[in-house]
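Listed below, chain by chain, are the residues.
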Amino acid sequence: MTMGLTMITRPACEALVARIGFAPIIVRATLFTLCMAGFVQSSEVHAAQQQAAAERIVAGCIARSAAGRGWLEKTLWGLRDQEGGWIGAEVRNRDGSHDLGPLQVNSWWVPKLAAVTRRPAADVRRWLTHDACFNVDAARWIFLSGLSVARDYWKAVGVYHSPTGWRQQRYTSSVVVHLQRRFGKEIFAVGATGRTVR
């Protein structure tokens, strides 16, 4: 067994201090404090490692869901970065709905997704919240459904967020910033119909 910061626990600190029970109280208190500082750091390191592992899972799901279509993978990253959710997220909205999982799929979609997948709504909600790949696939389906209806990439990005025009515009502007931050300003090609994602 190797010893490192990730092995430090409160019981281990207490056992260490107990072994030097004959030392003055100030020495024991200082040793305990230093040991616990390592424990706190260990906890922070563990949390960062868990977050990085979860982000790798989401990245794998985005790559799989995009199925080699670079523009779609970048779009999903733009939505992901804008939404900022995480595996297990259930963020309550003012209207009583919840934004679920890494891409913050609104719970308003649960009945529709349950009908499409022919699965119980409770299962769909749980998967949206806790299954990163299901969440990403649902986000892809919502976006591509919007694209199919709107026949406009940026409109579909906005529709992913809201049916309201001014909210769509504000959301789309924010997604543009996230796309440029992640992929650089050259992500957009200017064509006859305006900017599109490369």
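The structure reproduced in this document is the subject of the present report. (Residues numbered from 1 in each chain as written. Predicted model: local features only at pLDDT ≥ 70, side-chain atom pairs only at ≥ 80, totals over all residues. Heavy atoms only, no water.)

## Here's the deal with the side chain of Thr129
For step 1, the next point in the chain: Residue placement: Thr129 occurs in helix H5 (residues 121-130).
For step 2, the next point in the chain: Within the structure, Thr129 has its side chain in polar contact with the backbone oxygen of Arg125 (distance 2.9 Å).
For step 3, the next point in the chain: Contact partners of Thr129, with chain neighbours within four places excluded, come to Trp86, Ile87, Gly88, Ala89, Glu90, Leu100 and Gly101. (Helix = DSSP H or I, 4+ residues; strand = E, 2+ residues; numbered from the N terminus. Polar contact = N/O pair within 3.5 Å; in protein donor to acceptor, adjacent residues only side chain to side chain. Contact = heavy atoms within 4.5 Å.)

## Details of the sheet that holds strand E2 (residues 98-100)
For step 1, the next point in the chain: Taking strand neighbours across the sheet as the criterion, the three strands line up as E1-E2-E3 in an open arrangement whose pairing is antiparallel. At either end of the open sheet lies a strand with only one pairing partner, and these are strand E1 (90-92) and strand E3 (105-106).
For step 2, the next point in the chain: In terms of strand pairing, E1 meets E2 through three bridges, oriented antiparallel. Counted as the bridge partner of Arg92 is His98 from E2. (Pairing = 2+ DSSP bridges.)

## Thoughts on the pattern of salt bridges
For step 1, the next point in the chain: Scanning all chains against the criterion turns up six salt bridges.
For step 2, the next point in the chain: For Arg125, the salt bridge identified is with Glu90, shortest N-O distance 3.1 Å. Here Glu90 lies in strand E1 and Arg125 lies in helix H5, a separation of 35 residues in the sequence.
For step 3, the next point in the chain: The class for Glu90 is partly exposed, based on a relative accessible area of 42%. (Salt bridge = Lys/Arg side-chain N within 4 Å of Asp/Glu carboxyl O. Buried < 20%, exposed > 50% of the residue type's maximum accessible area, 1.4 Å probe, protein only.)

## A word on the packing of helix H3 (residues 70-83) against helix H7 (residues 153-161)
For step 1, the next point in the chain: Where H3 contacts H7, the two axes come as close as 12 Å, and the packing angle between them is 35°. Where H3 crosses over H7, the two elements pack in a sense that is right-handed. Contacts from Trp71, Thr75, Leu79 and Glu83 in H3 reach Tyr153, Val157, Tyr160 and His161 in H7.
For step 2, the next point in the chain: Partitioned by chemical class, the residues of the contact of H3 with H7 number five nonpolar, two polar and one charged. (Axes fitted to C-alpha atoms, helices over the stretch in contact; angles between N-to-C directions. Left-handed = near helix turned anticlockwise from the far one by under 90°. Nonpolar A, V, L, I, M, F, W, Y, C, P; charged D, E, K, R; others polar.)

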